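Geometric and topological summary
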Amino acid sequence: MSVTTGGALPGGAYDVTVIGAGVVGSAIARELARLPLRTALVEACDDVGDGTSKANTAVLHTGFDAVPGTLESRLVREGQRRLAAYAADAGIPVEPLGALLVAWDEEQLGALAGLAEKAVRNGYRSARIIPAEEVRAREPELGPGVLGALDVPGESIICPWTTTLAYATQAVRAGTDLHLNCRVRSVTPGDPHLLGTSRGPLRTRHLVNAAGLYADEIDRLLGHGDFTVTPRRGQLIVFDELARGLVRHILLPVPGALGKGVLVTPTVYGNVMLGPTAEDLDDKTATGSTAEGLALLREKGRRILPALLEEEVTAVYAGLRAATGSEDYAIRAHPVQRYVSVGGIRSTGLTASMAIAAHVVALLADGGLPVTGARELEPVRMPNLGEAFPRPYRDARMIAADPEYGRIVCHCERVTRGEIRDALAGTVPPGSLDGLRRRTRARGGRCQGFHCGAAVRALFEEGRR
Ligand SMILES: Cc1cc2nc3c(=O)[nH]c(=O)nc-3n(C[C@H](O)[C@H](O)[C@H](O)COP(=O)(O)OP(=O)(O)OC[C@H]3O[C@@H](n4cnc5c(N)ncnc54)[C@H](O)[C@@H]3O)c2cc1C
């Protein structure tokens, strides 16, 4: 078991290597860790979950609105069940708020029946149309003009950061080698395959490509070219925790041609989020926000929840979906090459991650990967980042046992020295202050580190020595 961040990679061939430690690659590595194999998870960044997986709307979807009959529909449905159960065991915060798909005009109202019927075709039977009065009673702060809604009680919010970290932690504890700062630059197919990485050569018999936005480029290194990733940017506005009382459900729009549209959703950290936009770009690094994008969100948000626009903004950010022009995932097995590519995991990959992982391991088995001798993994229990669950600063017993949990460093998010210390000593420690924020919420609140930044940095640097 090891996490390496620099230097040459170990010699000898791995049985299987997963490229990309986002939520999907980490889930696959965790699933592989159940098998008696030598497995590597290689990641270009200095942390797990530093790509698209850190910047999404964090909804654990039911899959009610997927395209029926697609692989995505099946894997989202199955993934939701698996991840909800896993989250309960692993201490990943989930709040089953339910969603309301709000209709604002006659056309949208007319579309609800079709969506309810689509939900049934996707195996989800609890969606029902509710009248305007009921919508208003359940969401009193909605703007004027609501005509009705589709009630989807199974939708939840989840912590995306803890999910990826839990998968990677469990994989590493079970013996997976996690190599960070390790970008794959070339692949010489063979037996074993020879990967040229920024940290030198790596040999592997089987290969999984979970490189997210770059999955098409890795695929081409192996001689394939059946999908192209177009980054579809989603900008988001995060409102202050004082806005949390304005909204009780995930408020979804009636979907249009470019995906699910703009939603308003609480986060498990106690904020309210508005977004995302959907902009097709050429640049896979364009994660900045734009004045036009934010103005569009504010305009849409004003209609949905006018009072939200009066609240303070805590942060804005953007994530890039790995769109391929297809309404389905592009997961392809090349058994002769002992290679599986996991492309086009666009707007549902967090939800589907565990089901994608099981699917990919089955595909690897078709390519000859020995999958006998699976064992149960040691359970993992992650530190809680969710506002709806007990946190150390208000847990008298924890503080009595260890006073470091009573010493608050980040006052906006009420993060203690004890939590920062634990994160730095974790199985997969953070490689940066942003990584520390994803493990503790430190510097993530309304002052964005203005007050605690220096203290958090000092603890980070001390902890890394
Ligand atoms: C705005 C937005 C909202 C979303 N909302 C939701 C939601 O509510 N619910 C939901 O379920 N899903 C949602 N998603 C989708 C979800 O976030 C993604 O499907 C998921 O994060 C994809 O994970 P991934 O592991 O495939 O990709 P990534 O997280 O991008 O991971 C790929 C990793 O591969 C690494 N990599 C790339 N190239 C190389 C290389 N050559 N060598 C080594 N490493 C490499 C990258 O550094 C990266 O860490 C949303 C996405 C966006 C953008």
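Residues numbered from 1 in each chain as written. Predicted model: local features only at pLDDT ≥ 70, side-chain atom pairs only at ≥ 80, totals over all residues. Heavy atoms only, no water.

With that settled, consider the UniProt feature "domain: BFD-like [2Fe-2S]-binding" (unreviewed entry) in the protein chain. UniProt records the feature "domain: BFD-like [2Fe-2S]-binding" (unreviewed entry) for residues 408–462 in the present numbering. In the segment residues 408–462, helix accounts for 47% and strand for 9%; the C-alpha atoms at its two ends are 17 Å apart. (UniProt positions renumbered as here; feature names shortened; annotations may be inferred. Helix = DSSP H or I, 4+ residues; strand = E, 2+ residues; numbered from the N terminus.)

All right, on to the packing of helix α1 (residues 23–32) against helix α8 (residues 349–366) then. One way to put it is that α1 packs onto α8 with a least axis distance of 8 Å and a crossing angle of 45°. Looking at the two axes, α1 sits oblique to α8. When you trace α1 past α8, the crossing you get is right-handed. Residue-level contacts link V23, V24, A27, I28, R30, E31 and L32 of α1 to G349, L350, S353, M354, I356, A357, A358, V360, V361 and L364 of α8. Taken together, the residues that form the contact of α1 with α8 break down as 13 nonpolar, two polar and two charged. (Axes fitted to C-alpha atoms, helices over the stretch in contact; angles between N-to-C directions. Parallel < 35°, antiparallel > 145°, perpendicular 65-115°, else oblique. Left-handed = near helix turned anticlockwise from the far one by under 90°. Contact = heavy atoms within 4.5 Å. Nonpolar A, V, L, I, M, F, W, Y, C, P; charged D, E, K, R; others polar.)

In the region of the ligand, 38 residues are neighbours, and E43, S53, T57, V59 and T351 sit closest. A distance of 2.6 Å is found between an oxygen atom of the ligand and a side-chain nitrogen or oxygen belonging to E43. I345 is positioned with one of its backbone polar atoms (N or O) 2.9 Å from an oxygen atom of the ligand. Alone, the ligand offers 1,000 Å² of accessible surface; in the complex the protein occludes 96% of this. (Near = heavy atom within 4 Å. Polar contact = N/O pair within 3.5 Å; in protein donor to acceptor, adjacent residues only side chain to side chain. Areas by Shrake-Rupley, 256 points an atom, 1.4 Å probe, with all protein chains shown as cover.)

Another point: the sheet that holds strand β9 (residues 156–158). Pairing within the open sheet is antiparallel, and its three strands lie in the order β4-β9-β5. Unpaired on one side and paired on the other, β4 (59–60) and β5 (94–95) mark the two borders of the sheet. Bridge analysis of β5 against β9 gives two bridges, and the strand direction is antiparallel. Bridged to V94 within β9 is I158. (Pairing = 2+ DSSP bridges.)

Note on placement: L202 falls in strand β13 (residues 200–209). Sequence separation between L202 and V184 is 18 residues; the distance between their C-alpha atoms is 9.2 Å.

A word on unusual backbone geometry. The residue after D191, namely P192, is reached through a cis peptide bond having omega 5°. Along the chain, the position of P192 falls in the loop between β11 (184–188) and β12 (193–197). Look at the link from G275 to P276: it is a cis peptide, with omega at -10°. Relative to the helices and strands, P276 is located in the loop between β17 (272–275) and β18 (279–280).

With respect to burial, α1 is a largely interior element, 10 of its 10 residues being buried. For α1, every residue scored as buried is listed here: V23, V24, G25, S26, A27, I28, A29, R30, E31 and L32. (Buried < 20%, exposed > 50% of the residue type's maximum accessible area, 1.4 Å probe, protein only.)

Right, let's talk about helix α11 (residues 433–440) for a bit. Among the eight residues that make up α11, six are buried, leaving the element largely enclosed by the rest of the structure. Among the residues of α11, those classed as buried are L433, G435, L436, R438, R439 and T440. For α11, the secondary structure elements touched by its buried residues are α5 (160–173), β23 (415–416), α10 (417–424) and α12 (453–464). Of the residues one or two after α11, R441 is the one with positive phi, at around 80°.

Moving on: the packing of aromatic side chains. This model, assessed by the stated rule, comprises two aromatic pairs. Where W161 meets Y269, the ring centres are 4.8 Å apart and the plane angle is 15°; that geometry is what we call stacked. Of this pair, W161 sits in helix α5 while Y269 is found in the loop between β16 (263–266) and β17, placing the two residues 108 residues apart along the sequence. By relative accessible area, which is 9% here, Y269 ends up buried. (Phe/Tyr/Trp six-rings, centres within 6.5 Å; stacked < 30°, edge-to-face > 60°.)

I28, I331, V342 and I356 are the most contacted members of the largest nonpolar core, which has 79 residues in total. Broken down by element, the residue count for this core peaks at 10 residues, all from α8. Formed jointly, this core draws a minimum of three residues from each of two domains, domain 1 (2–54 + 160–227 + 326–366) and domain 2 (93–157 + 230–323). For V342, the residues in contact, after removing those within four places along its chain, are V24, I28, V208, N209, A210, A215, A330, I331, I356 and V360. Core analysis: the second largest hydrophobic core is formed by 23 residues, L142, F239, A243 and L246 among them. (Core = buried A, V, L, I, M, F, W, Y, C linked by side-chain atoms within 4.5 Å. Domains from an automatic or database assignment.)

What follows concerns the pairing of β16. Side chains of β16 alternate between two faces, with L263 and T265 and V264 and P266 buried alike. When β16 meets β17, the two strands line up antiparallel, connected through four bridges. Opposite L263, over in β17, you have G275 as the bridge partner. Hairpin remark: β16 followed by β17, antiparallel, with five residues in the connecting loop; positive phi at G270, about 95°.

Domain assignment breaks the protein chain into domain 1 (2–54 + 160–227 + 326–366), domain 2 (93–157 + 230–323) and domain 3 (392–463). Listed as interface residues are six residues of domain 2 and, on the opposing side, eight residues of domain 3. For the pair domain 2 and domain 3, the summed buried area comes to about 520 Å², and 36% of that belongs to carbon and sulfur atoms. Among the residues of domain 2 in contact with domain 3, E241, Y269 and T314 are the three that bury the most area, contributing 71% of the side total. Where domain 2 meets domain 3, there are three salt bridges. Here D240 and R446 are joined by a salt bridge, their closest N and O atoms 2.5 Å apart. Across the side of domain 2 that touches domain 3, the residue classes tally to three nonpolar, one polar and two charged. (Buried area = accessible area lost by both parts, 1.4 Å probe. Salt bridge = Lys/Arg side-chain N within 4 Å of Asp/Glu carboxyl O.)

One can find C452 in the loop between α11 and α12. Look at C452 and you get buried, because its relative accessible area is 4%. With 183 residues separating them along the chain, C452 and Y269 place their C-alpha atoms 18 Å apart.

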